[in-house]
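Next come the chains, spelled out residue by residue.
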Amino acid sequence: MAKNTSLYFRIVEGRNLPAKDVSGTSDPYCIVKVDNEVVARTATVWKNLNPFWGEEYTLHLPMGFHTLSFQVMDEDTIGLCLLVCLTLDTLFWVNLTRVNPDEEVQGEIHLSVGLLKVAEKITLQCEVIEARDLAPRDISGTSDPFARVIFNNHSAETTIIKKTRFPHWGETLELELDQEELSEEGTVTVEVWDWDMVGKNDFLGKVRMRVLSGWFRLFCVFSFASSGKLGALRLKVRLVEDRILPSMYYQPLIDRLVDALTMLEEVTTVESRQDVAMTLVKIYLGQGLVVPFLDYLNTREVNHTTDPNTLFRSNSLASKAMEQFMKAVGMLYLHEVLKPIINRIFDEKKYIELDPCKIDLNQVTVAGLHMLSEAEVRDSSVEMLQGYLTSIIESIVGSIDQCPPVMRVAFKQLHKRVEEQFAEPENEDVKYLAISGFFFLRFFAPAILTPKLFQLRDQHADTRTSRTLLLLAKALQSVGNLGLQLGHGKEQWMAPLHPIILRSVASVKDFLDKLIDIDHDIGNRAVFMPSVTVKEGYLHKHKAEGPQLLSRFAFKKRYFWLTSETLSYAKTPDWQNVNELNQWLSAIRKVSIYNERMLPSFHPGAHRSGKWTCCLQADLTGCSRTHSAVTLGDWSDPLDPDVETQTIYKQFLQGRDKLRSVEDSAGCNVQHLKPGQGVAARLLAVIEDLEQTRHRPGSTNV
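About the thresholds
- Residues numbered from 1 in each chain as written.
- Predicted model: local features only at pLDDT ≥ 70, side-chain atom pairs only at ≥ 80, totals over all residues.
- Heavy atoms only, no water.
- Helix = DSSP H or I, 4+ residues; strand = E, 2+ residues; numbered from the N terminus.
- Buried < 20%, exposed > 50% of the residue type's maximum accessible area, 1.4 Å probe, protein only.
- Contact = heavy atoms within 4.5 Å.
- Areas by Shrake-Rupley, 256 points an atom, 1.4 Å probe, with all protein chains shown as cover.
- Phe/Tyr/Trp six-rings, centres within 6.5 Å; stacked < 30°, edge-to-face > 60°.
- Lys NZ or Arg CZ within 6 Å of the ring centre and 35° of its normal.
- Pairing = 2+ DSSP bridges.
- Expected span 1.5 Å × (residues − 1).
- Core = buried A, V, L, I, M, F, W, Y, C linked by side-chain atoms within 4.5 Å.
- Axes fitted to C-alpha atoms, helices over the stretch in contact; angles between N-to-C directions.
- Parallel < 35°, antiparallel > 145°, perpendicular 65-115°, else oblique.
- Nonpolar A, V, L, I, M, F, W, Y, C, P; charged D, E, K, R; others polar.
- Salt bridge = Lys/Arg side-chain N within 4 Å of Asp/Glu carboxyl O.
- Left-handed = near helix turned anticlockwise from the far one by under 90°.
- pLDDT = per-residue confidence, 0-100.

Enquirer: Mind laying out the overall build of the protein, listing which residues take part and the relevant values?
Expert: From N to C terminus, the protein includes 14 helices and 23 strands. For the protein, buried positions account for 48% of its 702 residues. When contacts within the protein are restricted to residue pairs at least 6 apart in sequence, long-range pairs at least 24 apart make up 69% of them. Summing over all exposed atoms, the protein offers an accessible surface of approximately 35700 Å²; the carbon and sulfur share of this is 51%.

Structure follows, in structure tokens:
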């Protein structure tokens, strides 16, 4: 079995950070390092001691990394200000251990433990997330597990989850501590027990750990910040280490995946549904079947909806899959449409406000000695918003040829299914609303609201620009709703924009009609369309002349463009980015995914004295010692079907008890199934086979 390690983290916010500027504020940003290699950098939040970043990242990590550090920096300060450092054992699932040799213990528990200090109050927070593969203690072959957190003389317990070996608690237990209780030797013990109504509870295992996650106390590495008021950094970190089986073992699950989609929605939580949707989209993109996959989900959703006003309004698997699909294939398109307008808004930094309760005349530039009145500020704001909104709408409705064909085909299928289900004259607009709900409300409007999170800008907007973007996003949502909800909300001060919104409805409908006017046989073309620039920036060029020691003058700095068809370079403008080499390697892999002559391995080191520095071998065919193989996760990275299928398998494994209950209620036996019956039973058989394969003797990591 191969091993795949992915790290997911969200840098949420900072709190009570130290002031580093003479103005009494700071300009904080956060950089992330894996084993001292910079892998990510947040935007700078200007003049703020309580910054909110809300930025999410995915890293694909090499095996054997040791530390993950989050460094909070001030834009104007040289060097490091604040640091949070996590070790490898902070992030893994933890194996349960026994108390004595006679105990039968198996399984793992997923935890996050951290210290939170507010004023003089110290709280130990332990998030008991879930456990898997616990030992059965009851006659039914399951257990009734609960967890107990112990620190010194303090303890707390989770709720009891009945009849399962794969409990999901998702509970945060808190223990209030005294300052003197904190020491380097202090450890947290988490015990798992099987609850029994009669008699003693049965022991299922325990872990002892010294790990942190959640709000982390920041500590300083320089003496100038010795005041002790160092603030806190709120993080969400999750490390997933999977053992990946060869492809042939996953094929039965792939074969049954379409029939199992209904069951998948049953066994997933609302919180995990977005990750599952992303994984499914990746799988079907890799197979060239993403349009039929989406059509299946959307048809099922449409057919089960009786009220057209509630269509796709929930966080269903269909809704999440469409969202992730648009991000997967439409990000370059989104940039082409919105980036010029977003850049203009950022550059102009106009003061715009419509809400009478929020107008601040002190924020308005005074022309000569004339102080602008509230009415004048409002009129000026309306005029500027109308100009921006008109530009956005015109750019969108004029972008038909730029929209990826695979997205247009998916919308065409959605339009067809909605039109078939809601054919009544009074539901004439439903087929438009179904598409615009995704296109405007879940794609373009969020990108306008937070352009940094859609890579439209390198930095978050300042307070003034952020308010302008919020007003524009609200207006565009009304456009996406075809103006049907205007005048019914609480924000009546948005009324001056209503005329331009209503005038745009006809052009939006015409745009949607033309958008889906595409030959379905165009099929699932590649995500990267011809002449699309995947990445551009500086690299160092060297002309290969056989294995030899390279001099310091052997490389030339050149500006490179990588498109879906070519790799070219020239002497052109400056451009820098964090983790540049790894992102280039990732981008090159994207466009090489269908290269039949691609080498299976390579040497990441240099060839010196007849040997490669990475593996100390003379072999020219390559090795697997990719020490610096940390790459930022990217929607357009090459799809690994085995890794994605493993993710789906884990969801079914954790929901195995639900599948069994469905099977029992249906009264099906896997050996006597009729066509179309016993989906749960068939799926359980596949899951059990995969589970046996993973635990078969001799199945070790490679």
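Enquirer: Report on the side chain of Q413, specifying residues and quantitative values.
Expert: Along the chain, Q413 turns up in helix 7 (residues 405-421). Classification of Q413 by relative accessible area gives buried; the value is 12%. For Q413, the residues in contact, after removing those within four places along its chain, are V291, D295 and H520.

Enquirer: For the packing of aromatic side chains, give the residues involved together with the corresponding values.
Expert: Centre-to-centre distance and the angle between the planes together describe a pair of aromatic rings. Inspection of every chain in the model, using the stated rule, returns 12 aromatic pairs. Considering the side-chain rings of F9 and F70, the 5.5 Å spacing of their centres and the 85 degrees angle between planes classify their relative orientation as edge-to-face. Here the residue F9 occupies a position in strand 1 (residues 2-15), and F70 occupies one in strand 5 (residues 67-74), the gap between them amounting to 61 residues. Each member of the pair F9 and F70 is classed as buried. An aromatic cluster is defined as three or more aromatic residues linked by ring pairs; in this entry it consists of Y333, F411, F439, F440, F443, F444 and F511. It is R41 that lies over the ring of Y29; its NZ or CZ is 3.8 Å from the centre.

Enquirer: If you had to explain the pairing of strand 5 to someone new, which residues and values would you point to?
Expert: For strand 5, a buried count of seven out of eight residues is recorded, marking the element as mostly surrounded by other parts of the structure. Pairing of strand 2 (residues 28-34) with strand 5 involves seven bridges; the strand directions are antiparallel. Bridged to Y29 within strand 5 is M73.

Enquirer: Before we move on, can you summarise unusual backbone geometry with the specific residues and values?
Expert: Phi is positive for K47, close to 50 degrees, though the residue is something other than glycine. Topologically, K47 is positioned in the loop between strand 3 (37-41) and strand 4 (52-61). Notably, K349 is not glycine yet its phi reads approximately 50 degrees, a positive angle. Tracing the sequence through the fold places K349 in the loop between helix 5 (317-348) and helix 6 (374-397). Residue class for K349 comes out partly exposed when judged on its relative accessible area of 45%.

Enquirer: Any details on helix 6? Residues and values, ideally.
Expert: Given a rise of 1.5 Å per residue, 24 residues ought to cover 34 Å, and the 34 Å separating the end C-alpha atoms of helix 6 matches this to within 8%. Of the residues making up helix 6, those classed as buried are V377, S381, V382, L385, Y388, L389, S391, I392, I393 and I396.

Enquirer: Summarise the pairing of strand 9 (residues 121-132); cite the residues concerned and give the values.
Expert: Among the 12 residues of strand 9, 10 are classified as buried, and the element is accordingly described as predominantly covered. Sheet topology note: the strand 9/strand 12 (residues 168-177) ladder contains eight bridges and is antiparallel. Counted as the bridge partner of E130 is H168 from strand 12.

Enquirer: How would you explain the nonpolar core if you had to name every residue and give the values?
Expert: Formed by 111 residues in total, the largest nonpolar core has its most connected members in F411 and F652. Look past the residues within four positions of F652 in its chain and what remains in contact with it is L253, L257, A260, M263, L264, V267, L659, L683 and I687. V113, A147, A156 and W169 belong to the second-largest nonpolar core, a separate cluster that totals 23 residues.

Enquirer: Describe the packing of helix 2 (residues 257-267) against helix 14 (residues 679-694), and please don't skip the residues or the numbers.
Expert: Close contact between helix 2 and helix 14 brings their axes to 10 Å; oriented N to C, the two are set at 100 degrees. In this view, helix 2 runs roughly perpendicular relative to helix 14, as classed from their interaxial angle. Along its contact with helix 2, which presents D259, A260 and M263, the element helix 14 presents V679, A680 and L683. The residue inventory of the contact of helix 2 with helix 14, partitioned by class, reads five nonpolar, no polar and one charged.

Enquirer: Describe the pattern of salt bridges, listing the residues and the values that go with them.
Expert: Pairing between side chains of opposite charge can happen when their charged atoms approach one another. Overall, the coordinates contain 14 salt bridges when judged by the stated rule. The shortest N-O distance in the salt bridge between E75 and R41 comes to 3.3 Å. Taken together, the positions of E75 in the loop between strand 5 and strand 6 (82-87) and R41 in strand 3 put the pair 34 residues apart, joining distant regions of the chain. Judged by its relative accessible area of 24%, R41 is partly exposed.

Enquirer: Now, about the environment of L512: what can you tell me, with residues and values included?
Expert: Checked against the element boundaries, L512 lands in helix 10 (residues 498-515). Sequence separation between L512 and S436 is 76 residues; the distance between their C-alpha atoms is 7.9 Å. Beyond its immediate sequence surroundings of up to four residues, L512 is in contact with Y432, I435 and S436.

Enquirer: Describe the packing of helix 12 (residues 641-654) against helix 14, naming the residues involved and giving the relevant values.
Expert: Here helix 12 crosses helix 14 at 110 degrees, and the two axes come no closer than 10 Å. The angle between the axes of helix 12 and helix 14 places the two elements in the roughly perpendicular class. You can see that helix 12 and helix 14 cross each other, and the crossing is left-handed. Judged by residue contacts, Q646, Y649, F652 and L653 of helix 12 engage L683, I687, L690, E691 and R694 from helix 14. Here the residues of the contact of helix 12 with helix 14 are counted per class, giving six nonpolar, one polar and two charged.

Enquirer: So what about the side chain of T189? Which residues, and what values?
Expert: Here T189 shows up in strand 13 (residues 188-194). Assessed through its relative accessible area of 12%, T189 is described here as buried. The residues touching T189, leaving out its near neighbours within four places in the chain, are R148, V149, I150, K206, V207 and R208.

Enquirer: Can you lay out the confidence of the model for the protein for me, pointing to particular residues and giving the numbers?
Expert: This prediction gives the protein a mean pLDDT of 76; 71% of its residues lie at or above 70. Here residues 668-676 is a poorly scored stretch, pLDDT under 50, and it has 10 contacts once near neighbours within four places are set aside; other chains count.

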